[in-house]
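Residues per chain, in single letters:
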Amino acid sequence: MDPAEHAPNPTTDSSSPPVGPVPAAPTARRTRSRGSWLGRLAIAAMRPVLRRMVSVQVVGAEALAGKLDRGQPVCYALQFRTLSTLVVLDEQARALGLPLPLAPLAAAGADGTPHAVESHSFFYLTRSGQPSPLRAQPYAYAPRLARLAAAVRADPAADVTIVPVHVFWGRAPRNQDSILKALLAEGWGIPGPVRQLARVIIHGRQTMLEFGEPMSLREMTGGADDDALALRRAARLLRAAFRRVRERVVGPDLSHRHVLINAVIAGEPVQHAIEEAAQGKGQTRERAERTARRAAWEIASNYSYPFIRAYDLLLQLLWNRLYDGISANRLDELRAIASDATVVYVPCHRSHIDYLLLSFLIYYQGLPPPHVAAGANLNLPVVGGLLRRGGAFFLRRSFRGDALYSAVFAEYLHAMITRGFPVEYFVEGGRSRTGRTLSPKAGLLAMTVDSWLRAPQRPLVFVPVYIGYERVLEGDTYIAELSGRPKQKESLLGLLRSLRVLREHFGRVHVNVGEPIALGPFLQARGALPAPAADGAPVPSAARRAAASTKADLERRAAVDALALEIVTRINDAVVVNPVNLVSVAMLGSPRHAMDAAQLVRQLDLLRELLARAPYSARLVVTPLSGVEIVEQAERTGVLWRIAHPLGDVLQVHGTQVALLAYFRNNVLHAWALPALLAALLSQHPGVDRERLLSVSHRVFPLLRAELFLSWDAAELGSKVDACLAAFAALGLTGAGPAARGDGAAALHTLAQLMRQPLERWFITLAVLTGQGSGALTPKALEDLCYLLAQRMAFLHEPGSPEFFDRAAFRAIIATLGELGWVRTVDGRLAFDGALVEAAADAPWLLSPEVRFAIAQVTRLSDEDVRRAEGLFSGGRGK
């Protein structure tokens, strides 16, 4: 352990008088306290140990020797308070013939003879240990620097040469090649005693000592009106000198936790919230401010370059152990975006691995990894601290009822954005259990927009990112939760148990960058940018200002909602169709989830060709593997099971894999949404004309767009339908009825099955509404009934498909019906007219007779069934 943390500091002699010309009789009181005796003993004990363990490369000694005025006192400045650094400096000063830091600081007296005015010739600029969240100023000024600055100001003839000394233990974090060395490499944090001891042991042979440019204390404090100002000026110049060198050696300071908290608390919104909290709760303002500081400390990240490098090395091992590799697309676009804008990364959220994966890829683009918003549920003992050092900042799941916490978090986000730090958060709010992109949550987006509107000097760009897996770590957990098991709370023990997955194999990870969204132009296009006040314009009345403020707030909210929708839409635009996605589409559309091996190869190639001829978006990426290679990979990873047969091998999905494959099918459902809808029509009615195709498609399209976040609107539907029909004709997929055979018929059937579950949910909802009648059900009752009926239908007809009765899907359908005007709320109940009945009549065009019969059976509800369903979920259960 470094004795510097326990042995008293030699700088604490507070009775020493200032430096400069002094009276003939020395007045410095050289205290022989027990503390100074222990300090000297610790230094004497460390010298022989450090001589054996430490090898020092000295930089700047010759330049310093040529600039020193030997007739003027010299005092060394060290950045951090560690005794090992002081001993290394003293040893090198002895070897180079420079003034010794442990020698008394002497100045010429009135008779011309030198007198000791300070017991030692050094000070630590940063004297205290780790900062406290409850103090505005966590660091104390060095008493010796304060006395010297006051003395120089008091005596025009006095001066002291201050020499900053930079000591770095080991190479910069980016140059370390082991996790332990990276963790102990130099950073921006203040090392504790155990950490410093480990650093000496690990990095002692690679120590660098650099003498900085000597500085005149008189020039540093020149013009100060009082001693306090002189001290602040000297300390500020020294901090700047230390910062410049440390940035050059270590890298920029991203560990802004100790810097931002004071700025957050000083922000006007937080100060206002503190006042309101103090008044509302009848407590002192100081107590309310301490509460705000605790909240800021709970939120803020604690970025560490050594930890980032250690994460880099650890993640390289993790990726190599878990995955076959990472396929990254369009990452090179990030450098151009980040060069002149603040970047907010908004990826989809499929797994806890998302946090680590995107930061890792950004780091390898030579860009600073983002600060990632993480739920407070991940702020576990040990784990939370490690995540903070990797850039995570934490937020509670709900801010409701805590205006002070909300103000602190919003101001923290504002501080990061205005300082240009890259940020990452998940607009879906949580991980998708079904594989579909979730409806966006606009909370963090609204705070980001508000922050930029407060200070729009620097452009802000949202970067959507699609992340796709061939297997997710949490797959079994997702299926269990969808089947009704309560979500397990994150815990350290659960994390340790999950380490057993390191023995398993998870295929490749696929990442694609979506089209960026520049916030300024986006808001301007929607009229949400505040217009600048015209010069000389009259000041509007209070009523006009209030009306304008209300209008601006409504426009901003509408713009935020549109932005949230645009982000998830562009995430879907960047979809990567990987081999497992293709296998899931083909196999889950086949009877009993089995298919002739040769036919499966042809189906996979045909599905790939369909996306090539009618691509979903310009940013779509499809695996380059052929059907044969995809099948080989699926067999190798256990997704498919081959059954040998004399007439041709059969490939089958393992029973336990069916529900998991549905997850990966849902990842890419939107890429085939329109082809699948047309396939459903053509497979039931092969001779249907284009007009009927368009009319049915127009009625169903809003459902698909709302559930799957399709990137084109109804006005483009006609051209999209024509493109799909042309692709069908080129691939031989048209004119295949229910009894047709061949690869074209099989592919059409596969595509139709792809859209079966969304269409079944749609028609279950319409059947319940029309069956109960207009004005009979509340929105909540309709959602509950649809959930129960879909669950029952899954048990009877859809085994292994728990995602079929996902509540969020029915909630989105009900919202879509309202947006279309097909239903309206009257006295809290849903009323509808002929448009909804007409849409319900489309079922024969899209669903097989067997499916229509199954829906009719499960939606035959008595009044008692409805009352039982309403009672089951009363009081908020089942949400």
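Residues numbered from 1 in each chain as written. Predicted model: local features only at pLDDT ≥ 70, side-chain atom pairs only at ≥ 80, totals over all residues. Heavy atoms only, no water.

### Concerning the overall build of the protein chain
A count of helical and extended segments in the protein chain gives 36 helices and 23 strands. Expressed as a percentage of the 879 residues in the protein chain, the buried residues total 52%. A separation threshold of at least 6 residues defines the contact pool for the protein chain, and within that pool the share at least 24 residues apart is 77%. Accessible area for the protein chain stands at about 38000 Å²; split by element, carbon and sulfur atoms hold 55% of it. (Helix = DSSP H or I, 4+ residues; strand = E, 2+ residues; numbered from the N terminus. Buried < 20%, exposed > 50% of the residue type's maximum accessible area, 1.4 Å probe, protein only. Contact = heavy atoms within 4.5 Å. Areas by Shrake-Rupley, 256 points an atom, 1.4 Å probe, with all protein chains shown as cover.)

### Looking at a positive patch on the surface
A contiguous patch of positive charge, built from Lys-281, Arg-287, Arg-290 and Arg-294, is present on the exposed surface. The element contributing the most residues to the positive patch is helix H11 (residues 285-299), with 3 residues. Looking at the element boundaries, Arg-294 is found in helix H11. (Patch = residues over 30% accessible without salt bridge, like charges linked within 9 Å, V, L, I, M, F, W, Y side chains within 5 Å. Salt bridge = Lys/Arg side-chain N within 4 Å of Asp/Glu carboxyl O. Lys, Arg positive; Asp, Glu negative; His and termini not counted. Charge placed at Lys NZ, Arg CZ, Asp CG, Glu CD.)

### Considerations on the packing of aromatic side chains
Evaluated as defined, the whole model comprises 19 aromatic pairs. For the ring pair Phe-701 and Trp-712, a centre distance of 5.3 Å and an interplane angle of 15° mean the geometry is stacked. Of the two residues, Phe-701 sits in helix H27 (residues 690-708) while Trp-712 sits in the loop between H27 and helix H28 (717-731), which places them 11 residues apart along the sequence. Considered together, Phe-701 and Trp-712 belong to a single accessibility category, that of buried residues. Their ring planes at 75° and their centres at 6.0 Å tell us that Tyr-787 and Phe-805 sit as a pair that is edge-to-face. One end of the pair, Tyr-787, is in helix H31 (residues 779-797); the other, Phe-805, is in the loop between H31 and helix H32 (807-820), with 18 residues separating them in the sequence. Summarising the burial analysis for this pair, Tyr-787 and Phe-805 share the class buried. In this structure an aromatic cluster arises from ring pairing among Trp-319, Tyr-323, Phe-360, Tyr-363, Tyr-364, Tyr-469 and Phe-506. A cation sits over an aromatic face here: Arg-526 above Phe-522, 3.7 Å from the ring centre. (Phe/Tyr/Trp six-rings, centres within 6.5 Å; stacked < 30°, edge-to-face > 60°. Lys NZ or Arg CZ within 6 Å of the ring centre and 35° of its normal.)

### A look at the packing of helix H4 (residues 143-154) against helix H8 (residues 227-249)
In helix packing, the relevant descriptors are the interaxial angle and the interaxial distance, both defined with respect to the helix axes. In the contact formed by H4 and H8, the axes pass within 9 Å of each other and the chain directions differ by 120°. Viewed along their axes, H4 and H8 adopt a mutual orientation that is oblique. Relative to H8, the crossing made by H4 is right-handed. Mapping the contact onto sequence places Leu-145, Ala-146, Ala-149, Ala-150 and Arg-153 in H4 and Asp-227, Ala-230, Leu-231, Ala-234, Ala-235 and Leu-238 in H8. (Axes fitted to C-alpha atoms, helices over the stretch in contact; angles between N-to-C directions. Parallel < 35°, antiparallel > 145°, perpendicular 65-115°, else oblique. Left-handed = near helix turned anticlockwise from the far one by under 90°.)

### Topic: the environment of Leu-731
Of note, Leu-731 is situated in helix H28. Sequence separation of Leu-731 and Leu-606 is 125 residues, and the distance between their C-alpha atoms is 7.6 Å.

### Digging into the side chain of Arg-431
Note on placement: Arg-431 falls in the loop between strand S13 (423-424) and helix H17 (443-454). What makes Arg-431 buried here is its relative accessible area of 12%. A distance of 3.3 Å separates the side chain of Arg-431 from the side chain of Glu-474, its partner in a polar contact. If sequence neighbours within four positions are ignored, Arg-431 has contacts with His-349, Arg-350, Ser-351, His-352, Leu-438, Glu-474, Tyr-478, Lys-487 and Glu-490. (Polar contact = N/O pair within 3.5 Å; in protein donor to acceptor, adjacent residues only side chain to side chain.)

### Comments concerning the sheet that holds strand S21 (residues 650-653)
Taken together, the 3 strands give an open sheet; going across it, the order is S18-S21-S20, and neighbouring strands pair in antiparallel fashion. Looking at the sheet topology across the chains shown, the edges are occupied by strand S18 (594-596) and strand S20 (640-643). The sheet shows a mean angle of 25° between the axes of neighbouring strands, direction not considered. Bridging between S18 and S21 involves 3 bridges; their strand directions are antiparallel. The partner of Asp-596 across the bridge, within S21, is Val-650. (Pairing = 2+ DSSP bridges.)

### Focus on the packing of H31 against H32
Where H31 meets H32, the closest approach of the two axes is 9 Å, and the angle between their N-to-C directions is 135°. Classified by the interaxial angle, the pair formed by H31 and H32 is oblique. Here the hand of the crossing between H31 and H32 comes out right-handed. Facing H31, whose interface residues are Pro-779, Leu-782, Glu-783, Asp-784, Cys-786, Tyr-787 and Ala-790, H32 presents Arg-807, Phe-810, Arg-811 and Ile-814. Here the residues of the contact of H31 with H32 are counted per class, giving 7 nonpolar, no polar and 4 charged. (Nonpolar A, V, L, I, M, F, W, Y, C, P; charged D, E, K, R; others polar.)

### Quick word on a nonpolar patch on the surface
Taken together, the side chains of Leu-180, Leu-197, Ile-201 and Ile-202 define a hydrophobic patch exposed on the protein surface, amounting to about 330 Å² of accessible area. In terms of residue count, helix H6 (residues 193-203) provides more of the nonpolar patch than any other element does, 3 residues in total. Structurally, the position occupied by Leu-180 is in helix H5 (residues 179-183).

### A word on the confidence of the model for the protein chain
In the predicted model, the protein chain carries a mean pLDDT of 84, and the fraction of residues at 70 or more is 86%. Confidence, read as mean pLDDT per element, is least for strand S4 (residues 114-118) in the protein chain (65) and greatest for strand S17 (residues 576-577) (98). When the criterion is pLDDT under 50, residues 1-35 qualifies, and its contacts beyond four places in sequence or with other chains add up to 92 contacts. Per-residue pLDDT stays below 50 along residues 736-740; that stretch engages in 10 contacts with residues further than four places along the chain or on separate chains. (pLDDT = per-residue confidence, 0-100.)

### With respect to helix H30 (residues 756-772)
Residue pairs spaced three or four apart in an α-helix point in one direction, given the helix's 3.6 residues per turn. Over its 17 residues, H30 runs 24 Å from end to end, which matches the ideal 24 Å to within 8%, given 1.5 Å per residue. With 13 of 17 residues buried, H30 is to be regarded as a mostly interior element. One or two steps after H30, the chain reaches Gly-773, where phi turns positive at roughly 95°. (Expected span 1.5 Å × (residues − 1).)

### Regarding the nonpolar core
Tyr-425, Phe-462 and Trp-672 are the most contacted members of the largest nonpolar core, which has 200 residues in total. Sort the elements by how many residues they give to this core and helix H16 (residues 403-418) lands first, with 10 residues. (Core = buried A, V, L, I, M, F, W, Y, C linked by side-chain atoms within 4.5 Å.)

### Re the pattern of salt bridges
Enumeration over the complete set of coordinates arrives at 40 salt bridges. Between Glu-298 and Arg-396 there is a salt bridge, with its nearest N and O atoms 3.3 Å apart. A residue pair is termed long-range when its members are at least 10 positions apart, and Glu-298 in helix H11 and Arg-396 in the loop between strand S12 (392-395) and H16 qualify at 98 residues. Judged by its relative accessible area of 30%, Arg-396 falls in the partly exposed class.

### As for unusual backbone geometry
Phi is positive for His-593, close to 55°, though the residue is something other than glycine. Summarising the element assignment, His-593 is placed in the loop between helix H22 (579-588) and S18. With relative accessibility at 24%, the residue His-593 sits in the partly exposed group. If you check the backbone angles, Phe-709 has positive phi at about 55° while not being a glycine.

### Some details on helix H10 (residues 268-281)
Between its first and last C-alpha, H10 extends 20 Å over 14 residues, near the 20 Å set by a 1.5 Å rise per residue. Within H10 the residues assigned to the buried category are Val-270, Ala-273, Ile-274, Ala-277 and Ala-278. One face of H10 carries all of its buried residues, which in axial projection span an arc of 135°. Facing away from the buried side of H10 by more than 90 degrees, the exposed set consists of Glu-268, Gln-279 and Gly-280. Directly beyond the C-terminal end of H10, a positive phi value near 65° is found at Gly-282. (Arc of directions from axis to C-beta.)

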